[in-house]
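The primary structure of each chain is shown beneath.
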Amino acid sequence: MSITAEPRTPADNSSVTTAGTQPPLNTFETFDPRTNTLIAEIEEMGPEQVEQAVDRARYLAGAWSALTYKERSRHLLHVRDRLLNSAEELVDTICAETGKQRAEAVTTELMAVCETIGWYAKNGGQVLMPQSVAPGLMAHKKAWKRYEPLGVIGVISPWNYPFTLSMTPVITALFAGNTVVLKPSEVTPTVGLAIGELFEDENWGDIVQVVTGGGATGEALVRSGVDKVCFTGSVRTGKRVMAAAADSLTPVLLELGGKDPMIVCADADLARASKGAVWGAFQNSGQTCMSVERFYVEEAVFEDFVERVLVETAQIRQNASGGDIGSMTFAPQLAIVEDHIADAVSKGARILAGGKRLDQPGLWFEPTVLVDVDHTMSIMVEETFGPVMPIMSVKDPEEGLRLANDSIYGLNSSVWTSDQQLGISIANRLEAGNVCINDCIVSYAIPGLPFGGVKQSGIGRVHGPEGLREFSSVKSVMSSRVTTPREMWWFPVPKALEALGITSARARFGTTLATRIKRFKRTT
Ligand code: NAD
């Protein structure tokens, strides 16, 4: 990796050359979005390098999978120690490529990963223990299932949480006994390389290989023969990944985008709801897959809620030296934010706060509050992924619920009410993989809770037992309790089998008067 400190903007391609020479074709550049200055020039790896990385990972897969859960945990806990020892440098690297605030990087990236490692070290062995299964009709047999590693996992990650969203699948895959090839986002490659360094170890250095590059490198990884792809990113790219994986029937775990709704009922604690709303919309400059991106507020409290939101928004500190929110990360994303706002305004939305870039270098965009919005506007139906809060008035919580479910997405969601029963009733009917009652986003911070989307927000889960088993193959095993010369149904089929079958089916499944009475009692 070559590092240059010379200020340069991403769009300013002419200044990329040195002394009249073109940059080598196989490199790309990464920038600090707070200042638009160049951070590093990084190698763009092609299919051959990707295959070599997969081969190296596969070479170690057998030996790594032979370790016990305790041994794998010990290794991951060493990685956590290394992470903690270099915490400040990691935060520097994360903030330089994303523009996020340091405290945000510490809590949402480092702490989240430390917690997840701890959860797997404590609970993972139990989750992957072989489990016996009742043999049912096969009473003379015993049956069990065991979880086995898949082999080599390809992890492709995005730029918005470049550490957490790379490390979470990486450590989960490793705990389950796989080795990994990681392709970090081309927007945040130095974070990916820092992850590779965390795993450098005399004996096990190759269990995590990092390949750098853009979409072509990612596609090469999908087509490389890895045993599963864990992709986190946009719906658009997720569809491409799934299509490419279909050629070899490579399984995919897809963690995709969202348009997370927040329903505010008239009986909600408005002080808490408005503060939570502002945080949910603007933390990480709105660049969280679970950012709250649309607000449905009961008309009885709409004005009060909006006023409170404006007061909270006015207090947000946005600067590079320790404010509440940082810059945005990726110039094309900022352009989408501006497009969505322009579309909404052209259709009648009003901007009550923000609405434009800060007048300074870098990708800074003001926290923005919009009202008079509806579902004809892209701001209410497409992922914006920026610091924008469109608030819509609804007649009652049921209308809020209907509009919340009127979406191709289903990642996270929230309902705010002081009536716990109402909250649970709405939570149960929200079409989303995750729901928070009187809170938002932070359900992801519970590593025992599976996380993932429904509808076009994804396929599969990370975190929790379900997340760990995503990186395993389940093998079903059956064996005999007693050895007999033959099974009853083998050839030649005994004449008595038909009659015996009917008699035993009636005995087993037929309803006698006694069982009917028992059933009646159970259901009344
Ligand atoms: P993206 O889809 O543009 O890129 C994600 C990754 O895919 C990058 O590493 C990129 O290089 C790679 N890629 C691009 N084309 C590819 C291809 N054809 N084959 C294989 N890989 C390819 O997403 P992004 O802009 O980096 O991230 C933002 C998106 O990610 C948002 O939509 C956000 O909601 C989503 N996201 C989802 C979750 C989740 O857990 N559900 C978490 C964070 C972000």
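Residues numbered from 1 in each chain as written. Predicted model: local features only at pLDDT ≥ 70, side-chain atom pairs only at ≥ 80, totals over all residues. Heavy atoms only, no water.

Where helix H9 (residues 270–282) meets helix H10 (residues 299–314), the axes come as close as 9 Å, and the angle between the chain directions of the two elements is 55 degrees. By the angle between their directions, the pair H9 and H10 is classed as oblique. The crossing of H9 and H10 is right-handed. Mapping the contact onto sequence places Leu270, Ala271, Ala273, Ser274, Lys275, Ala277, Val278 and Phe282 in H9 and Val301, Asp304, Phe305, Arg308, Val309, Glu312 and Thr313 in H10. Looking at the contact of H9 with H10, its residues break down into nine nonpolar, two polar and four charged. (Axes fitted to C-alpha atoms, helices over the stretch in contact; angles between N-to-C directions. Helix = DSSP H or I, 4+ residues; strand = E, 2+ residues; numbered from the N terminus. Parallel < 35°, antiparallel > 145°, perpendicular 65-115°, else oblique. Left-handed = near helix turned anticlockwise from the far one by under 90°. Contact = heavy atoms within 4.5 Å. Nonpolar A, V, L, I, M, F, W, Y, C, P; charged D, E, K, R; others polar.)

This paragraph deals with the environment of Pro189. By the secondary structure assignment, Pro189 is in helix H6 (residues 189–198). Considered as a pair, Pro189 and Val309 are 120 residues apart in the sequence and their alpha carbons are 36 Å apart. Setting aside chain neighbours within four positions, we find Pro189 in contact with Phe28, Thr30, Ile42, Glu97, Pro184 and Thr212.

Before going further, it helps to examine the packing of aromatic side chains. One pass over the structure, following the stated rule, counts seven aromatic pairs. Ring geometry for Tyr120 against Phe175: centres 6.2 Å apart, planes inclined by 20 degrees, an arrangement best described as stacked. With Tyr120 in helix H4 (residues 102–127) and Phe175 in helix H5 (residues 164–175), the pair connects residues that are 55 residues apart, well separated along the chain. The burial state of Tyr120 is the same as that of Phe175; both residues are buried. Through a chain of ring-to-ring contacts, the aromatic side chains of Tyr69, Trp119, Tyr120 and Phe175 assemble into a single cluster. (Phe/Tyr/Trp six-rings, centres within 6.5 Å; stacked < 30°, edge-to-face > 60°. Buried < 20%, exposed > 50% of the residue type's maximum accessible area, 1.4 Å probe, protein only.)

Taken together, 28 residues form the shell around the ligand, and within it Lys183, Glu186, Ser234, Leu256 and Glu383 come nearest. Side-chain polar atom of Glu186 to an oxygen atom of the ligand: 2.6 Å apart, as the coordinates give it. In the complex, 92% of the free accessible area of the ligand, which totals 860 Å², lies under the protein chains. Counting residues per element, the ones that place at least two in the shell around the ligand are helix H7 (215–222), strand E9 (228–232) and helix H8 (235–246). Element by element, the count of residues in the shell around the ligand is highest for H7, at three residues. Counted by class, the shell around the ligand contains twelve nonpolar, eleven polar and five charged residues. (Near = heavy atom within 4 Å. Polar contact = N/O pair within 3.5 Å; in protein donor to acceptor, adjacent residues only side chain to side chain. Areas by Shrake-Rupley, 256 points an atom, 1.4 Å probe, with all protein chains shown as cover.)

Right, let's get into the nonpolar core. Ranked by internal contacts, the top residues of the largest apolar core, which has 80 residues, are Phe163, Met167, Phe199, Met389 and Ile391. The dominant element in this core, judged by the number of residues it contributes, is H4, at eight residues. Three or more residues apiece are contributed to this core by two domains, here domain 2 (56–256 + 465–474) and domain 3 (260–445). Ignoring sequence-local partners within four residues, the contact set of Ile391 consists of Phe295, Val297, Phe302, Phe305, Val306, Val309, Val369, Leu370, Val371, Asp372 and Val373. Counting 25 residues, the second-largest nonpolar core is a separate cluster that includes Ala344, Ala349, Met377 and Ile379. (Core = buried A, V, L, I, M, F, W, Y, C linked by side-chain atoms within 4.5 Å. Domains from an automatic or database assignment.)

Put simply, the protein chain has an average pLDDT of 94, and 95% of its residues get 70 or more. Taken element by element, the protein chain is modelled with least confidence in strand E1 (residues 2–3), mean pLDDT 36, and with most confidence in strand E6 (residues 152–156), mean pLDDT 99. This model gives residues 1–20 a pLDDT under 50, and the stretch forms 29 contacts once residues within four places in sequence are excluded. (pLDDT = per-residue confidence, 0-100.)

Turning next to the side chain of Glu470. Looking at the element boundaries, Glu470 is found in the loop between helix H15 (464–469) and strand E19 (472–480). Judged by relative accessible area, which is 17%, Glu470 ranks as buried.

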